[in-house]
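The lines below spell out each chain.
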4 protein chains.
Amino acid sequence: MLNVALLGAGRIAGVHATAISTNPGSRLVAVSDINADAAAKLAAQYGAEARATEAILADASIDAVLIATSTDTHSDLIERATAAGKAVLCEKPVDLSLARAQACQKAVTSTGRPVMIGFNRRFDPNFAALKAALDKGEIGKAELLSITSFDPAPPPVAYIKVSGGLFRDMMIHDFDMANFIMDAPPVTVSAVGSSIVDPAIGAAGDVDTAVVTLTYADGRIAVIKNSRRAVYGYDQRVELLGSEGLLQAQNMLENTVVKSTIAGVTGAKPTYFFLERYMPAYSAEWAAFVAAVSAGDALPVTLSDGIAALAMAEAAAQSLQSGKPVAFANVLGT
Amino acid sequence: MLNVALLGAGRIAGVHATAISTNPGSRLVAVSDINADAAAKLAAQYGAEARATEAILADASIDAVLIATSTDTHSDLIERATAAGKAVLCEKPVDLSLARAQACQKAVTSTGRPVMIGFNRRFDPNFAALKAALDKGEIGKAELLSITSFDPAPPPVAYIKVSGGLFRDMMIHDFDMANFIMDAPPVTVSAVGSSIVDPAIGAAGDVDTAVVTLTYADGRIAVIKNSRRAVYGYDQRVELLGSEGLLQAQNMLENTVVKSTIAGVTGAKPTYFFLERYMPAYSAEWAAFVAAVSAGDALPVTLSDGIAALAMAEAAAQSLQSGKPVAFANVLGT
Amino acid sequence: MLNVALLGAGRIAGVHATAISTNPGSRLVAVSDINADAAAKLAAQYGAEARATEAILADASIDAVLIATSTDTHSDLIERATAAGKAVLCEKPVDLSLARAQACQKAVTSTGRPVMIGFNRRFDPNFAALKAALDKGEIGKAELLSITSFDPAPPPVAYIKVSGGLFRDMMIHDFDMANFIMDAPPVTVSAVGSSIVDPAIGAAGDVDTAVVTLTYADGRIAVIKNSRRAVYGYDQRVELLGSEGLLQAQNMLENTVVKSTIAGVTGAKPTYFFLERYMPAYSAEWAAFVAAVSAGDALPVTLSDGIAALAMAEAAAQSLQSGKPVAFANVLGT
Amino acid sequence: MLNVALLGAGRIAGVHATAISTNPGSRLVAVSDINADAAAKLAAQYGAEARATEAILADASIDAVLIATSTDTHSDLIERATAAGKAVLCEKPVDLSLARAQACQKAVTSTGRPVMIGFNRRFDPNFAALKAALDKGEIGKAELLSITSFDPAPPPVAYIKVSGGLFRDMMIHDFDMANFIMDAPPVTVSAVGSSIVDPAIGAAGDVDTAVVTLTYADGRIAVIKNSRRAVYGYDQRVELLGSEGLLQAQNMLENTVVKSTIAGVTGAKPTYFFLERYMPAYSAEWAAFVAAVSAGDALPVTLSDGIAALAMAEAAAQSLQSGKPVAFANVLGT
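These figures come from a predicted structure and were not determined experimentally. Along each chain, residue indices are assigned from 1 in the same order as the chain's sequence is written. Whichever chain is written first becomes A and whichever ligand is written first becomes 1, with later ones labelled in order. Restriction of local features to residues with pLDDT of at least 70 applies here, the model being predicted, together with a cutoff of 80 or more for giving and counting side-chain atom pairs; totals for whole chains, interfaces and linings are based on all residues. Hydrogens are left out, water is left out, and the side-chain values use all remaining heavy atoms of the structure.

Q: Requested: an account of the domain arrangement of chain A, with residues and values cited.
A: All names here are of chain A. Examined at the domain level, chain A breaks down into domain 1 (2-113) and domain 2 (122-281 + 308-332). Relative placement of domain 1 and domain 2: their C-alpha centres are 27 Å apart. Residue contacts follow a heavy-atom distance rule, with two residues in contact if any of their heavy atoms lie within 4.5 Å. With 11 residues of domain 1 at the interface, the matching set in domain 2 holds 15 residues. When two components associate, each loses some accessible surface as probed by a 1.4 Å sphere; the sum of these losses over both components is called the buried area. Carbon and sulfur atoms make up 72% of the area that domain 1 and domain 2 hide from each other, which totals about 1000 Å². When the buried area of domain 1 at its contact with domain 2 is split by residue, K92, L96 and L98 rank highest and sum to 53% of it. A pairing counts as a salt bridge when a side-chain nitrogen of Lys or Arg comes within 4 Å of a carboxyl oxygen of Asp or Glu. Taken together, domain 1 and domain 2 are joined by 0 salt bridges. In protein, a polar contact requires one atom able to donate a hydrogen and another able to accept it; more generally it is a pair of N or O atoms within 3.5 Å, and residues adjacent in sequence count only if both atoms are side-chain atoms. Taken together, the links from domain 1 to domain 2 amount to 3 residue pairs in polar contact (both at pLDDT 80 or more). A helix here means a DSSP run of H or I that spans at least four residues, while a strand means a run of E at least two residues long, and both kinds are numbered starting from the N terminus. At the level of elements, helix 1 (11-22) and helix 5 (98-111) are the ones that each hand at least two residues to the side of domain 1 that touches domain 2. Taken together, the residues that form the side of domain 1 that touches domain 2 break down as 6 nonpolar, 2 polar and 3 charged. Domain start and stop points were drawn from an automatic or database domain assignment. All residues other than Ala, Val, Leu, Ile, Met, Phe, Trp, Tyr, Cys, Pro, Asp, Glu, Lys and Arg, Gly among them, are scored as polar; the first ten of these are nonpolar and the last four charged.

Below is the structure:
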């Protein structure tokens, strides 16, 4: 039984608290947050204790921490928690600064503690089934990957300004999905983008619509499409052409009802929004963490994976600015 | 090259004229109709001659006739055409009277000429593919068949009155589909029905919504559902449960465009109406006729098939009236 | 907060225990079972106490009981629990004997306590959405209902023998679904059936494949199709033709992945089996019970609904035996 | 009635001969080909005459010519036919050389004769319905376009060598589709590509898998994906995200049969290959040409459209070689 503390008590922390509590191998024992009320409320709901982060890290009975605080605190908390001997599951992204994340990785490596980054979409039953089919050779060798990832509506511009930009905030999930499926780093990263959804996003220095093309050493190609607005809902699809076929992970729908009238044949919209769509993924992610940490096995998503995705976001941002493809190795510094 | 005359120059005759003309093995040489203008117009369009039916039947250079006249003339024309040595493709139904159709069959048998009844749906690419999959054993042994057959809108009540009723006019196609797939006559026929779409249809002595259940000697079951009104279009589906799976022939759609908006995910309606939906079936039906007649092979649909479907319609009408299942053998007189 | 005891500790009881525990308005306090070990194990898992049924019913602090024992104990436990002042949610069917169920209803009525029957499918998000669309008038007036309900594989013949037969054990869910959607009792019930899946089921006096047709006073028609075997999984669909359109609740699938290869375009199978497919329905059912009991509102499914479905099963069994339609009012005794 | 001559008697010429013959407003009167036998055979089949190209162009009774010869003869024949006063429908591409095509355009302009380029996909019922929905404002303003266009199998390397390369031979259809939907030229063209399907294609100096990204002046983006091999068939899809929704034109399927077994739920493959998939498009294209020429209206696809698509192919080839985006205006020379 893993004793777990949750750092952060916001919306996504609530999702993780449920996953921790319903997993038979873990127990939520403590919650911390800069907002003491929020910590107290979340702790009470799950029979845990609200404590200061320092006290949590100093408590030897706590085996693992789940970091669900704001991004600017991630690197620091990862370092402190691993130094205190805890296993860590940290929400994405590791950091907005690639250099800072790489420094964090060095510090973590010296502790030998396991750190997993919360790329929950790898655990989505649909994407996981697509990957499993690929790994079983059901479509031969991968050739051309397409990732479609549209949010229902853009966040407030105030959020955009501190988000690190579309590539680090939103497309980072898709960079990790590309890494998950292609199982290799790209050679080049090319980005185009615009603020066609909302000029205010452009005025804030970001884009709301973007396409990134990745090339790989063996000739494979990947394309990622992002938009901050799809009025019909949360559009999350992956499509992979292989030498012997095509795999498509399509949207989950709110229900299976189809209505035929003189207006056409109408079905339900995609499941809205990430909390609903990816709830099974959050549970499966946590279960994978508990299983690996309990068994002492390698984690399925590592800090290196978090850094790779961050470096791809960095490369995409550079490509957008320069108008030219960027060599990924130069950005990653390898 | 088969020289063909077309008896009838109405809407369905036009469909057949196209099929005859575009088939490389047949040539439309003559057209007759009680409306001389209609015959002349259709003949001109395809480079054929408008002639009297008598003259056509007397012309030894004409190999085959396609009968697309009103139902009450079918039996008579089949008898005269076969007596004159022609091969015949006759539109369904053979007749509204089972006894008359059976008498016609006797007359035809004595001539030895081939007569095919126009159950075009057997040649629909979807239903034909379903049957082929069944015959290849892809779902094991058939167990439970469902046929859904809804028209977009009811015909005028004036037509209803002379149509022979829903079972003989509309469901007769589905009875033949059941025979095509099950490849055996039913043991019992049970019908329920109502005029819920339009009470005027009930006042005319007919139903507009009906369900017929068929049982078979080996325990198989079939259900046929008919409605005279499906506002979303022409709904033509077949579904067959077998010991090793399920086969479904779904609707053809007007196009493949799907639109996702805040109102939902909307696709096109079913292809509207039988002329559009079944155009490939009419061509394939004619091609099968030409091929069989040219080769001297057995026809894929026979006069016996026409009589079997008519007898099932008769049985359904009796069952609806009596409120009880009807033994099919009693109706067929075998 | 509703204090709840669970009578029964088998597989379905485990499902209910989860629903009771995760609902914020209810708490599982006690479990009883004739198998003391099973009761103890289930109680421990959810922090409840294993107790004797008698002690549970005598405990005034317990507000409600959920009856998930074997069918032959249902009527008795419903009577005892309501006499003890408890609110009751009882698994379907009420009883295998219509007379016994009707006697139970009389006894319950005198206590004034609320009793809900566990027709969980009414709470399936898909069927519930279909009903909501109908109630909103989205397809006009209902005309022709089709329910397809196939199990993946037949149960052991030993189970068949004590099950009460396909109509009371399996189709009873579909009878209730018809009542839910049509909102009226049928006028006639006609059944056909066979043991084409497994002759041993026929030898045990039951059928494994059946079609029941229901007629309604206003001309509406319903068809229910059951098979004990659909090798591709649990097939649960509802389709309703109305005056202004068609509603279809289709199967839920295991995932959304589609694979295209030279063999065709292949998607996932239906969610397997009722525990997986209907898990959201069990939770929603319990939430509806808690909400209604807590507020003192009318229950969404009543003991009368349980009796109506049982009477339809009885009518179907009589129709199958006699080979004729059965007047429902005669069976229900109204 | 338009008197039409067909220049060329190969496979695609046969398709056009059917379209010309079945259109009520046109008549096929002559066929020419460097292979006299082929011309004679095709002419005989449709009751036309095999003649020399020169004689055809000199015959004042011929109103229009359809050019379906090899690409290297297109510009020359367009110039000669328009100089002879004919209306022209010419198969794509206009030419492999952009400069030559532009010179052809100048020559044609001086004749004032109408020239249409055979981008038949604009007339595909699905893509046409997508465009119509966009034009009606059904998804608001276009933002992000994706075109998926995969051939079932690569052509022989010998063909690849003379084809002009993937961009001019295959993706040129998709460039025109982008122009059709976006209704504006791109600002930049960026290409990546590889010969992952067959290294022999790479050795021949071409790619078999490519992704091209287009940006537009107003912030819109388009992505085109091409592969020479999709083993499951001919994959032709268009998807457009707009400010108020998404439009998808999906594949047409060989039939509508769905089979559910223990192996999954399997449907038919996409219609195979362009002759089958686009047959309705070829007929609609010809009908549009006949209608416009007969009425003296502007043609729906012009020589300028042919040149724009060719310039985009040229830009993509330059981008692939340089590894950088290319400014489209520089390539087009405007």
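Q: Account for the sheet that holds strand 4 (residues 64-67) of chain C, naming residues and giving values.
A: Residue and element names in this part refer to chain C. Note on pairing: two strands pair once DSSP finds at least 2 bridges between them. Taken in spatial order, the 6 strands of this open sheet run 3-2-1-4-5-6, and their pairing is parallel. Sheet topology places strand 3 (49-50) and strand 6 (115-118) at the edges, where each strand pairs with a single neighbour. Direction of pairing for strand 1 (residues 2-7) relative to strand 4: parallel, over a ladder of 4 bridges. Looking across to strand 4, one finds that V4 is bridged to A64. Here the axes come from fitting lines to C-alpha atoms, over the contacting stretch only for helices, and the angles between their N-to-C directions go from 0 to 180 degrees. Together, strand 1, strand 2 (26-32), strand 4 and strand 5 (87-91) form the strand contacts of helix 1 (residues 11-22), whose direction differs from that of strand 2 by roughly 150°.

Q: Could you give an account of the UniProt feature "domain: GFO/IDH/MocA-like oxidoreductase" (unreviewed entry) in chain A, naming the residues involved and the relevant values?
A: Following the UniProt record, one finds the feature "domain: GFO/IDH/MocA-like oxidoreductase" (unreviewed entry) at residues 127-247 of chain A. What you have in residues 127-247 of chain A is 30% helix and 34% strand, and the ends, taken at the C-alpha atoms, are 10 Å apart. UniProt positions are given in the numbering used here, feature names are shortened, and annotations may be inferred rather than shown by experiment.

Q: Account for the relation of the copies chain D and chain A, naming residues and giving values.
A: When the copies are superposed, the least-squares fit takes in the C-alpha atoms of residues with a pLDDT of at least 70 in both. Overlaying chain D on chain A yields an RMSD of 0.0 Å, the required transformation being a rotation through 180° with an accompanying axial translation of 0.0 Å. Within this description, the copies of the chain are treated as partners about a two-fold rotation axis. Every residue of chain D has its C-alpha some distance from the rotation axis, and the shortest such distance is that of K324 of chain D, at 2.9 Å.

Q: Quick rundown of the interface of chain D and chain C? Include the residues and the values.
A: Every contact between the two is made by 12 residues of chain D and, on the other side, 12 residues of chain C. Here chain D packs against chain C, burying approximately 970 Å² in sum over the two surfaces, 62% of which is carbon and sulfur. At the boundary of chain D and chain C, one finds 0 salt bridges. Where the side of chain D that touches chain C is concerned, the elements lending two or more residues are strand 13 (257-261) and strand 14 (264-267) of chain D. Considered class by class, the residues forming the side of chain D that touches chain C number 6 nonpolar, 5 polar and 1 charged. By the bridge criterion, 3 bridges tie strand 14 (residues 264-267) of chain C to strand 14 of chain D in an arrangement that is antiparallel. Bridging from a neighbouring strand, V265 of chain C pairs with G267 of chain D of strand 14 of chain D.

Q: Report on the packing of helix 4 (residues 74-83) of chain D against helix 5 (residues 98-111) of chain D, specifying residues and quantitative values.
A: All names here are of chain D. Two elements in contact, helix 4 and helix 5, have axes separated by 9 Å at closest approach and are oriented at 5°. It follows that helix 4 is roughly parallel to helix 5 by the angle criterion. Contacts from S75, D76, I78, E79, T82 and A83 of helix 4 reach helix 5 at R100, A101, A103, C104, A107, V108 and T111. Of the residues belonging to the contact of helix 4 with helix 5, the class tally is 7 nonpolar, 3 polar and 3 charged. Small angles under 35 degrees read as roughly parallel and large ones over 145 as roughly antiparallel, with 65 to 115 read as roughly perpendicular and the rest as oblique.

Q: Just give me the short version of the UniProt feature "domain: Gfo/Idh/MocA-like oxidoreductase N-terminal" (unreviewed entry) in chain A, but keep the residues and values in it.
A: Within this numbering scheme, the UniProt entry marks residues 2-119 of chain A as carrying the feature "domain: Gfo/Idh/MocA-like oxidoreductase N-terminal" (unreviewed entry). Secondary structure within residues 2-119 of chain A divides into 44% helix and 24% strand; the distance between the first and last C-alpha atoms comes to 21 Å.

Q: Which residues make up unusual backbone geometry, and what values do they have?
A: Note that the residue after Y272 of chain B, namely F273 of chain B, is joined by a cis bond; omega there is 15°. One can find F273 of chain B in the loop between strand 14 (264-267) and helix 11 (274-277). Cis geometry is adopted by the peptide bond preceding P93 of chain D, which originates at K92 of chain D and carries an omega value of -10°. Positionally, P93 of chain D belongs in the loop between strand 5 (87-91) and helix 5. Although it is not a glycine, D183 of chain B sits at a positive phi angle of roughly 60°. Mapped onto the elements, D183 of chain B comes out in the loop between helix 9 (172-182) and strand 8 (188-194).

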